[in-house]
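# Report on the structure
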Amino acid sequence: MTAIVEWIMQPFAFEFMHKAFIITVLLSVPMAALSCFLVLKGWSLMGDAISHAVLPGIVLAYIIGVPLAAGAFTAGMACALATGFLDRNSRIKQDTVMGVVFSGMFGLGLVMYVAIQTEVHLDHILFGNILGLAWGDVVETAAISALCTTAIAIWRKDLLLHAFDAQHARAIGLKVALLHYGLLAAISLAIVGALKASGIILAIALLIAPGAIAFLVTRRFEAMLIVAIAVAVGSSLVGVFASFHLDSAPAPTIVLVMTGLFIAAFVRQQMRFAKLSRRPPRKTDPKPL
């Protein structure tokens, strides 16, 4: 029993693990909440697009000498605005436009990164450096997380209506354009907060998987939010803990945990559908036409 307790407590003996646990929880809350809106709006690829598009902004910020977060946020918003402009002014579908824009910006970022001597390691941008963060990075992430979470909590009902029926939201007087670009700004800001810790890869996973899992196992939006946040926080804590004992990178380990949960949720849903299909009809069931 003592050996098991020591094995569980072993990661908590190191300061870098303390920071890893704290920052993953800070990241999980706003990104899981945003993932619910992305899944409901069918914007999962938008999170992917913005995550990849921040690379040229990071490199440009390094050249100019401004905070990398400022460059990443600017590039993310530029990607979102370019996607919206091309979607409104061309016959190309939105998913195609997003693919073209984010791949182009990611390619530009790689060319700029190779052409310029920089101390920023590309692996840290792609996969994060969660075990090498300073307490200042934790404070920065906490501030971004608090801002995004507060905004979502205040405008969640308006954002939900906008996600389901933008025409109805406009008809009752909501500022649809403000909600649209506000959601894009929140996504960009959340990705900026996640880059140092989790990198582009985990940022994509946190913006898609929690909402997708919650969508499979819930029927109400409030429950969906709670389940998504619980999935993101739990997966992050388990992933960081497992990565310590497996000697693996934390970000990919967290992604694997969430992938396993998604598979489990999908299997549960399929089993439930199969059970309902085998159930004999009841008197209360609607009659077939």
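Residues numbered from 1 in each chain as written. Predicted model: local features only at pLDDT ≥ 70, side-chain atom pairs only at ≥ 80, totals over all residues. Heavy atoms only, no water.

Under the counting rule described, the total for this entry stands at five aromatic pairs. Pairing Phe14 with Phe16 gives two aromatic rings, centres 5.5 Å apart and planes at 40°, and the pair type is tilted. For Phe16, a relative accessible area of 30% translates into the label partly exposed. Each ring, one from Phe37 and one from Phe221, has its centre 5.2 Å from the other, and the planes form 55°; the classification is tilted. Here the residue Phe37 occupies a position in helix 2 (residues 15-41), and Phe221 occupies one in helix 10 (residues 221-246), the gap between them amounting to 184 residues. Each member of the pair Phe37 and Phe221 is classed as buried. (Phe/Tyr/Trp six-rings, centres within 6.5 Å; stacked < 30°, edge-to-face > 60°. Buried < 20%, exposed > 50% of the residue type's maximum accessible area, 1.4 Å probe, protein only. Helix = DSSP H or I, 4+ residues; strand = E, 2+ residues; numbered from the N terminus.)

Judged by nonpolar contacts, the single largest core of 76 residues is most densely connected at Met31, Leu34, Ile187, Ile191 and Phe221. A total of 21 residues in this core trace back to one element, the largest contributor, which is helix 9 (residues 176-217). Among residues more than four places away in sequence, those in contact with Met31 are Ala190, Ile191, Ala194, Ala203, Leu206 and Leu207. (Core = buried A, V, L, I, M, F, W, Y, C linked by side-chain atoms within 4.5 Å. Contact = heavy atoms within 4.5 Å.)

Before going further, it helps to examine the packing of helix 9 against helix 10. Orientation of helix 9 relative to helix 10, taken along the N-to-C sense of each, is 130°, at an axis distance of 8 Å. Overall, the two elements helix 9 and helix 10 adopt an arrangement that is oblique. In the packing of helix 9 onto helix 10, the handedness of the crossing is right-handed. Taking contact as the criterion, the partners of Leu206, Pro210, Gly211, Ile213, Ala214, Phe215 and Val217 in helix 9 are, on helix 10, Met224, Val227, Ala228, Val231, Ala232 and Ser236. Counted by class, the contact of helix 9 with helix 10 contains eleven nonpolar, two polar and no charged residues. (Axes fitted to C-alpha atoms, helices over the stretch in contact; angles between N-to-C directions. Parallel < 35°, antiparallel > 145°, perpendicular 65-115°, else oblique. Left-handed = near helix turned anticlockwise from the far one by under 90°. Nonpolar A, V, L, I, M, F, W, Y, C, P; charged D, E, K, R; others polar.)

Our focus in this paragraph is the confidence of the model for the protein. Taken over all residues, the pLDDT of the protein has a mean of 83, while the share at 70 or more is 93%. Least confident of the elements in the protein is helix 6 (residues 122-127), whose mean pLDDT is 68; most confident is helix 10, at 92. (pLDDT = per-residue confidence, 0-100.)

Topologically, Thr83 is positioned in helix 4 (residues 68-88). Once the C-alpha coordinates of Thr83 and Ala169 are considered, the two residues, 86 residues apart in sequence, prove to be 22 Å apart.

Another point: helix 9. The terminal C-alpha atoms of helix 9, which comprises 42 residues, lie only 29 Å apart, well short of the 62 Å expected from a rise of 1.5 Å per residue. Maximum bend of helix 9: about 120°, positioned at Ser198. (Expected span 1.5 Å × (residues − 1). Bend = angle between axes of the 7 residues up to and from the residue.)

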